[in-house]
Amino acid sequence: MSNLIPAIKVKNISFYYGTIKAIEKVSIDIYQNQVTAIIGPSGCGKSTFIKILNRISELEGPVKVEGNVEFFGQNIYAPRVNINRLRRQIGMVFQKPNPFPISIYENVAYGMRIAGRYSKLELDEIVESALQSAALWDEVKDKLDKSALGLSGGQQQRLCIARALAVKPKVLLMDEPCSALDPIATMKVEELLHSLQSELTIAIVTHNMQQAARVSDFTAFFSTDESRIGQMVEFGATEQIFNNPLDPRTRDYVSGRFG
Ligand SMILES: Nc1ncnc2c1ncn2[C@@H]1O[C@H](COP(=O)(O)OP(=O)(O)OP(=O)(O)O)[C@@H](O)[C@H]1O
(Lines give C-alpha, C1' and ligand atoms only; values in the text may rest on other atoms or scores of the structure.)
Protein backbone atom coordinates (compact mmCIF):
# COMPACT_ATOMS: atom_id res chain seq x y z
CA MET A 1 0.00 0.00 0.00
CA SER A 2 3.06 2.25 0.10
CA ASN A 3 2.44 4.15 -3.17
CA LEU A 4 -1.16 4.94 -2.27
CA ILE A 5 -1.98 8.52 -1.34
CA PRO A 6 -4.75 9.13 1.20
CA ALA A 7 -7.33 11.55 -0.18
CA ILE A 8 -9.10 11.45 3.18
CA LYS A 9 -7.50 10.51 6.47
CA VAL A 10 -9.98 9.75 9.24
CA LYS A 11 -8.37 9.88 12.66
CA ASN A 12 -10.15 8.51 15.69
CA ILE A 13 -13.59 9.81 14.77
CA SER A 14 -16.48 9.46 17.20
CA PHE A 15 -19.91 10.85 16.34
CA TYR A 16 -23.01 11.67 18.38
CA TYR A 17 -26.61 12.37 17.38
CA GLY A 18 -27.49 14.65 20.30
CA THR A 19 -26.14 12.74 23.26
CA ILE A 20 -26.33 9.32 21.60
CA LYS A 21 -23.05 7.99 20.33
CA ALA A 22 -23.42 6.39 16.88
CA ILE A 23 -19.77 5.78 15.97
CA GLU A 24 -16.74 5.19 18.15
CA LYS A 25 -13.11 5.89 17.30
CA VAL A 26 -12.94 5.06 13.63
CA SER A 27 -9.63 5.57 11.83
CA ILE A 28 -9.19 4.85 8.15
CA ASP A 29 -7.40 6.14 5.06
CA ILE A 30 -9.52 6.56 1.91
CA TYR A 31 -6.98 6.25 -0.88
CA GLN A 32 -6.90 8.49 -3.93
CA ASN A 33 -8.21 6.95 -7.18
CA GLN A 34 -9.37 3.84 -5.36
CA VAL A 35 -12.87 2.61 -4.61
CA THR A 36 -13.44 1.95 -0.91
CA ALA A 37 -16.53 -0.02 0.11
CA ILE A 38 -18.10 0.35 3.54
CA ILE A 39 -20.02 -2.77 4.51
CA GLY A 40 -21.67 -4.00 7.69
CA PRO A 41 -25.03 -4.85 9.27
CA SER A 42 -27.91 -2.41 9.43
CA GLY A 43 -27.44 0.34 11.99
CA CYS A 44 -23.66 -0.01 12.35
CA GLY A 45 -23.11 3.58 11.23
CA LYS A 46 -22.12 3.24 7.57
CA SER A 47 -24.26 6.15 6.32
CA THR A 48 -23.34 8.23 9.33
CA PHE A 49 -19.69 7.56 8.62
CA ILE A 50 -19.65 8.72 5.02
CA LYS A 51 -21.76 11.76 5.85
CA ILE A 52 -19.07 12.79 8.34
CA LEU A 53 -16.56 12.95 5.47
CA ASN A 54 -18.13 16.02 3.84
CA ARG A 55 -19.93 17.36 6.91
CA ILE A 56 -23.39 16.59 5.47
CA SER A 57 -24.00 14.91 8.84
CA GLU A 58 -24.37 18.37 10.35
CA LEU A 59 -27.65 18.80 8.49
CA GLU A 60 -29.17 16.08 10.71
CA GLY A 61 -29.58 18.43 13.68
CA PRO A 62 -27.52 18.82 16.82
CA VAL A 63 -24.58 16.48 16.29
CA LYS A 64 -21.09 16.26 17.75
CA VAL A 65 -17.88 15.06 16.15
CA GLU A 66 -14.74 14.08 18.02
CA GLY A 67 -11.48 13.31 16.26
CA ASN A 68 -10.26 14.62 12.98
CA VAL A 69 -10.84 14.23 9.23
CA GLU A 70 -8.14 15.45 6.86
CA PHE A 71 -8.83 16.02 3.19
CA PHE A 72 -5.48 16.12 1.40
CA GLY A 73 -3.88 17.21 4.66
CA GLN A 74 -6.47 19.84 5.64
CA ASN A 75 -8.63 19.40 8.71
CA ILE A 76 -12.21 19.67 7.41
CA TYR A 77 -13.49 20.36 10.93
CA ALA A 78 -11.15 23.32 11.49
CA PRO A 79 -12.79 26.70 12.11
CA ARG A 80 -13.39 28.80 9.00
CA VAL A 81 -13.57 25.84 6.62
CA ASN A 82 -15.74 26.80 3.64
CA ILE A 83 -18.38 24.07 3.87
CA ASN A 84 -19.93 24.76 0.46
CA ARG A 85 -16.52 24.44 -1.18
CA LEU A 86 -15.81 21.29 0.82
CA ARG A 87 -19.08 19.72 -0.36
CA ARG A 88 -18.25 20.58 -3.96
CA GLN A 89 -14.88 18.86 -3.58
CA ILE A 90 -16.38 15.88 -1.75
CA GLY A 91 -19.68 15.23 -3.53
CA MET A 92 -22.41 12.81 -2.54
CA VAL A 93 -24.95 10.55 -4.21
CA PHE A 94 -27.77 9.20 -2.08
CA GLN A 95 -29.72 5.96 -1.86
CA LYS A 96 -32.81 7.27 -3.55
CA PRO A 97 -32.28 9.22 -6.78
CA ASN A 98 -33.13 12.83 -5.94
CA PRO A 99 -33.15 14.88 -9.15
CA PHE A 100 -34.56 18.39 -8.85
CA PRO A 101 -37.94 18.93 -10.55
CA ILE A 102 -36.32 20.93 -13.34
CA SER A 103 -34.85 20.02 -16.73
CA ILE A 104 -32.14 17.43 -17.24
CA TYR A 105 -29.77 20.19 -18.36
CA GLU A 106 -30.48 22.42 -15.37
CA ASN A 107 -30.02 19.54 -12.93
CA VAL A 108 -26.46 19.07 -14.15
CA ALA A 109 -25.71 22.80 -14.51
CA TYR A 110 -27.13 23.58 -11.06
CA GLY A 111 -23.93 23.41 -9.00
CA MET A 112 -21.93 25.40 -11.56
CA ARG A 113 -24.56 28.14 -11.69
CA ILE A 114 -24.26 28.48 -7.92
CA ALA A 115 -20.46 28.26 -7.94
CA GLY A 116 -19.85 31.10 -10.38
CA ARG A 117 -20.52 32.82 -13.67
CA TYR A 118 -20.22 30.67 -16.72
CA SER A 119 -21.13 31.42 -20.31
CA LYS A 120 -23.80 29.33 -22.03
CA LEU A 121 -21.05 27.69 -24.06
CA GLU A 122 -19.04 26.78 -20.95
CA LEU A 123 -22.12 25.38 -19.23
CA ASP A 124 -23.01 23.38 -22.35
CA GLU A 125 -19.56 21.82 -22.28
CA ILE A 126 -19.68 21.06 -18.57
CA VAL A 127 -23.15 19.50 -18.86
CA GLU A 128 -22.17 17.33 -21.81
CA SER A 129 -18.92 16.21 -20.22
CA ALA A 130 -20.63 15.32 -16.90
CA LEU A 131 -23.40 13.41 -18.69
CA GLN A 132 -20.77 11.58 -20.78
CA SER A 133 -18.84 10.65 -17.62
CA ALA A 134 -22.05 9.39 -16.03
CA ALA A 135 -22.73 7.26 -19.15
CA LEU A 136 -26.05 9.02 -19.70
CA TRP A 137 -25.33 11.42 -22.57
CA ASP A 138 -26.49 9.17 -25.41
CA GLU A 139 -29.79 8.50 -23.67
CA VAL A 140 -30.65 12.13 -22.95
CA LYS A 141 -28.83 14.33 -25.47
CA ASP A 142 -32.01 14.91 -27.49
CA LYS A 143 -34.18 15.83 -24.51
CA LEU A 144 -31.98 17.97 -22.28
CA ASP A 145 -34.82 20.47 -21.79
CA LYS A 146 -37.26 17.79 -20.59
CA SER A 147 -38.00 17.28 -16.89
CA ALA A 148 -35.56 15.03 -15.05
CA LEU A 149 -38.55 13.44 -13.33
CA GLY A 150 -39.49 11.77 -16.64
CA LEU A 151 -36.35 9.61 -16.56
CA SER A 152 -36.29 6.03 -15.27
CA GLY A 153 -34.93 5.38 -11.76
CA GLY A 154 -31.60 4.18 -13.11
CA GLN A 155 -31.31 7.19 -15.42
CA GLN A 156 -32.24 9.50 -12.54
CA GLN A 157 -29.46 8.02 -10.42
CA ARG A 158 -26.91 8.50 -13.23
CA LEU A 159 -28.22 12.05 -13.59
CA CYS A 160 -27.54 12.60 -9.88
CA ILE A 161 -24.04 11.23 -10.45
CA ALA A 162 -23.63 13.62 -13.41
CA ARG A 163 -24.84 16.49 -11.21
CA ALA A 164 -22.23 15.58 -8.60
CA LEU A 165 -19.50 15.23 -11.26
CA ALA A 166 -20.27 18.56 -12.94
CA VAL A 167 -18.62 20.53 -10.13
CA LYS A 168 -15.45 18.42 -10.54
CA PRO A 169 -15.23 16.82 -7.11
CA LYS A 170 -12.09 15.05 -5.98
CA VAL A 171 -14.07 12.51 -3.95
CA LEU A 172 -17.50 11.01 -4.54
CA LEU A 173 -19.36 9.54 -1.58
CA MET A 174 -22.13 7.10 -2.51
CA ASP A 175 -24.68 5.89 0.02
CA GLU A 176 -26.19 2.65 -1.31
CA PRO A 177 -26.53 4.21 -4.79
CA CYS A 178 -28.02 1.07 -6.35
CA SER A 179 -30.45 -0.03 -3.68
CA ALA A 180 -33.44 1.48 -5.55
CA LEU A 181 -32.27 0.24 -8.97
CA ASP A 182 -32.96 -2.90 -10.98
CA PRO A 183 -30.06 -5.26 -11.88
CA ILE A 184 -29.43 -3.70 -15.29
CA ALA A 185 -29.34 -0.15 -13.95
CA THR A 186 -27.16 -1.43 -11.10
CA MET A 187 -24.72 -2.92 -13.60
CA LYS A 188 -24.52 0.41 -15.43
CA VAL A 189 -23.68 2.26 -12.23
CA GLU A 190 -21.09 -0.37 -11.30
CA GLU A 191 -19.43 -0.06 -14.73
CA LEU A 192 -19.46 3.66 -14.25
CA LEU A 193 -17.56 3.37 -10.98
CA HIS A 194 -14.72 1.61 -12.78
CA SER A 195 -14.54 4.27 -15.47
CA LEU A 196 -14.61 7.14 -12.94
CA GLN A 197 -11.83 5.72 -10.85
CA SER A 198 -9.03 7.28 -12.91
CA GLU A 199 -10.31 10.79 -12.14
CA LEU A 200 -11.91 10.33 -8.75
CA THR A 201 -11.72 8.78 -5.33
CA ILE A 202 -14.88 6.88 -4.40
CA ALA A 203 -16.29 5.68 -1.08
CA ILE A 204 -19.43 3.57 -1.41
CA VAL A 205 -21.74 2.21 1.25
CA THR A 206 -23.38 -0.99 0.15
CA HIS A 207 -25.47 -3.76 1.67
CA ASN A 208 -24.65 -5.94 -1.26
CA MET A 209 -21.48 -7.87 -0.57
CA GLN A 210 -21.15 -9.11 -4.14
CA GLN A 211 -21.26 -5.51 -5.22
CA ALA A 212 -18.56 -4.54 -2.72
CA ALA A 213 -16.40 -7.41 -3.98
CA ARG A 214 -17.02 -6.42 -7.62
CA VAL A 215 -16.47 -2.68 -7.45
CA SER A 216 -14.03 -1.93 -4.66
CA ASP A 217 -10.28 -2.03 -4.14
CA PHE A 218 -10.51 -1.63 -0.37
CA THR A 219 -13.21 -2.62 2.06
CA ALA A 220 -13.99 -1.43 5.58
CA PHE A 221 -16.19 -3.71 7.67
CA PHE A 222 -18.22 -1.94 10.33
CA SER A 223 -20.21 -3.52 13.13
CA THR A 224 -21.71 -2.54 16.46
CA ASP A 225 -20.35 -3.34 19.88
CA GLU A 226 -22.50 -4.64 22.77
CA SER A 227 -23.75 -1.09 23.44
CA ARG A 228 -24.91 -0.78 19.77
CA ILE A 229 -22.25 1.79 18.94
CA GLY A 230 -20.78 1.54 15.44
CA GLN A 231 -17.10 0.74 15.08
CA MET A 232 -14.78 -0.32 12.32
CA VAL A 233 -13.80 -3.95 12.79
CA GLU A 234 -11.43 -4.40 9.88
CA PHE A 235 -10.09 -2.54 6.88
CA GLY A 236 -7.98 -3.92 4.08
CA ALA A 237 -7.70 -4.79 0.43
CA THR A 238 -11.09 -6.10 -0.72
CA GLU A 239 -9.55 -9.38 -1.79
CA GLN A 240 -8.13 -9.92 1.71
CA ILE A 241 -11.33 -8.89 3.52
CA PHE A 242 -13.40 -11.35 1.49
CA ASN A 243 -10.93 -14.23 1.20
CA ASN A 244 -8.76 -13.96 4.26
CA PRO A 245 -10.39 -11.76 6.92
CA LEU A 246 -8.38 -11.40 10.10
CA ASP A 247 -11.26 -10.81 12.51
CA PRO A 248 -13.80 -13.58 13.19
CA ARG A 249 -16.63 -11.02 13.05
CA THR A 250 -15.62 -10.07 9.50
CA ARG A 251 -15.36 -13.75 8.57
CA ASP A 252 -18.88 -14.43 9.87
CA TYR A 253 -20.32 -11.44 8.03
CA VAL A 254 -18.71 -11.97 4.64
CA SER A 255 -19.53 -15.68 4.74
CA GLY A 256 -23.18 -14.88 5.46
CA ARG A 257 -23.15 -16.38 8.97
CA PHE A 258 -24.03 -13.05 10.56
CA GLY A 259 -27.58 -13.14 12.00
N1 LIG B 1 -30.66 11.61 12.09
C2 LIG B 1 -30.47 10.73 13.09
N3 LIG B 1 -30.79 11.03 14.35
C4 LIG B 1 -30.59 10.18 15.37
N5 LIG B 1 -30.04 8.96 15.22
C6 LIG B 1 -29.70 8.58 13.98
C7 LIG B 1 -29.89 9.44 12.84
N8 LIG B 1 -29.45 8.80 11.74
C9 LIG B 1 -28.99 7.59 12.17
N10 LIG B 1 -29.14 7.47 13.51
C11 LIG B 1 -28.75 6.31 14.33
O12 LIG B 1 -27.35 6.10 14.18
C13 LIG B 1 -27.06 4.71 14.07
C14 LIG B 1 -26.34 4.45 12.77
O15 LIG B 1 -27.23 4.69 11.69
P16 LIG B 1 -26.76 4.66 10.17
O17 LIG B 1 -27.92 5.03 9.33
O18 LIG B 1 -25.52 5.43 10.02
O19 LIG B 1 -26.40 3.11 10.01
P20 LIG B 1 -26.26 2.25 8.68
O21 LIG B 1 -25.19 1.23 8.97
O22 LIG B 1 -26.04 3.14 7.52
O23 LIG B 1 -27.67 1.54 8.61
P24 LIG B 1 -28.47 0.96 7.33
O25 LIG B 1 -27.58 -0.09 6.74
O26 LIG B 1 -29.71 0.40 7.92
O27 LIG B 1 -28.71 2.11 6.40
C28 LIG B 1 -28.39 3.97 14.20
O29 LIG B 1 -28.55 3.57 15.53
C30 LIG B 1 -29.41 5.03 13.82
O31 LIG B 1 -30.63 4.81 14.47
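Residues numbered from 1 in each chain as written. Predicted model: local features only at pLDDT ≥ 70, side-chain atom pairs only at ≥ 80, totals over all residues. Heavy atoms only, no water.

Asker: In this structure, what is going on with the packing of helix α4 (residues 120-133) against helix α6 (residues 153-166)? I would like to understand it.
Answerer: Packed helix pairs are specified by the crossing angle of their axes together with the interaxial distance, meaning the distance between the axes. Contact geometry for α4 and α6: axes closest at 8 Å, N-to-C directions at 130°. In this view, α4 runs oblique relative to α6, as classed from their interaxial angle. For the element pair α4 and α6, the recorded crossing hand is right-handed. Contacts between α4 and α6 pair Ile126, Ala130, Leu131 and Ser133 from the former with Leu159, Ala162, Leu165 and Ala166 from the latter. (Axes fitted to C-alpha atoms, helices over the stretch in contact; angles between N-to-C directions. Helix = DSSP H or I, 4+ residues; strand = E, 2+ residues; numbered from the N terminus. Parallel < 35°, antiparallel > 145°, perpendicular 65-115°, else oblique. Left-handed = near helix turned anticlockwise from the far one by under 90°. Contact = heavy atoms within 4.5 Å.)

Asker: Could you clarify how one ought to interpret the environment of Thr48 in this entry?
Answerer: Here Thr48 is to be found in helix α1 (residues 46-52). On the accessibility criterion, Thr48 (8% relative accessible area) is buried. In sequence terms Thr48 and Asn208 are 160 residues apart; their C-alpha atoms lie 18 Å from each other. (Buried < 20%, exposed > 50% of the residue type's maximum accessible area, 1.4 Å probe, protein only.)

Asker: For this particular structure, what's the right way to read the site of the ligand?
Answerer: As a matter of local geometry, the ligand sits amid 13 residues, with Ser42, Lys46, Ser47, Thr48 and His207 nearest to it. Between the ligand and Tyr17 there is a distance of 3.3 Å, counted from a nitrogen atom to a side-chain nitrogen or oxygen. In the environment of the ligand, an oxygen atom lies 2.9 Å from a nitrogen or oxygen atom belonging to the backbone of Gly43. For the ligand, the protein covers 61% of the area, taking 640 Å² as the surface of the free molecule. By residue number, the principal contributor to the shell around the ligand is α1, which donates three residues. Of the residues contributing to the shell around the ligand, the split by class is four nonpolar, six polar and three charged. (Near = heavy atom within 4 Å. Polar contact = N/O pair within 3.5 Å; in protein donor to acceptor, adjacent residues only side chain to side chain. Areas by Shrake-Rupley, 256 points an atom, 1.4 Å probe, with all protein chains shown as cover. Nonpolar A, V, L, I, M, F, W, Y, C, P; charged D, E, K, R; others polar.)

Asker: What should I look at first to understand unusual backbone geometry in this one?
Answerer: Positive phi is not limited to glycine here, since Lys25 has a value of about 45°. For Lys25, the position within the fold is in strand β2 (residues 20-31). A positive phi is found at Glu176, a non-glycine position, where the angle reads about 45°. Structurally, Glu176 is set in the loop between β7 (171-175) and α7 (183-196).

Asker: Hey, could you run me through α7 in this one?
Answerer: The α-helix winds at 3.6 residues per turn, so residues separated by three or four positions along the chain end up facing the same way. Here α7 is 14 residues long and its end C-alpha atoms lie 20 Å apart, about the 20 Å a rise of 1.5 Å per residue gives. Within α7, burial applies to Ala185, Thr186, Val189, Glu190, Leu192, Leu193 and Leu196. Along the long axis of α7, the arc covered by the buried residues comes to 155°, so they all point the same way. Turned more than 90 degrees from where α7 packs its buried face, Pro183 and Ile184 sit exposed. Considering only its buried residues, α7 is in contact with α4, α6, β7, β8 (201-205) and α8 (209-215). Of the residues that open α7, the one with a side-chain oxygen 3.1 Å from the backbone nitrogen of Ile184 is Asp182. (Expected span 1.5 Å × (residues − 1). Arc of directions from axis to C-beta.)

Asker: Looking at this structure, how should I read a nonpolar patch on the surface?
Answerer: Taken together, the side chains of Ile102, Tyr110 and Ile114 present a nonpolar region at the surface, about 280 Å² in accessible area. Within the secondary structure layout, Ile114 lies in helix α3 (residues 104-115). (Patch = residues over 30% accessible without salt bridge, like charges linked within 9 Å, V, L, I, M, F, W, Y side chains within 5 Å. Salt bridge = Lys/Arg side-chain N within 4 Å of Asp/Glu carboxyl O.)

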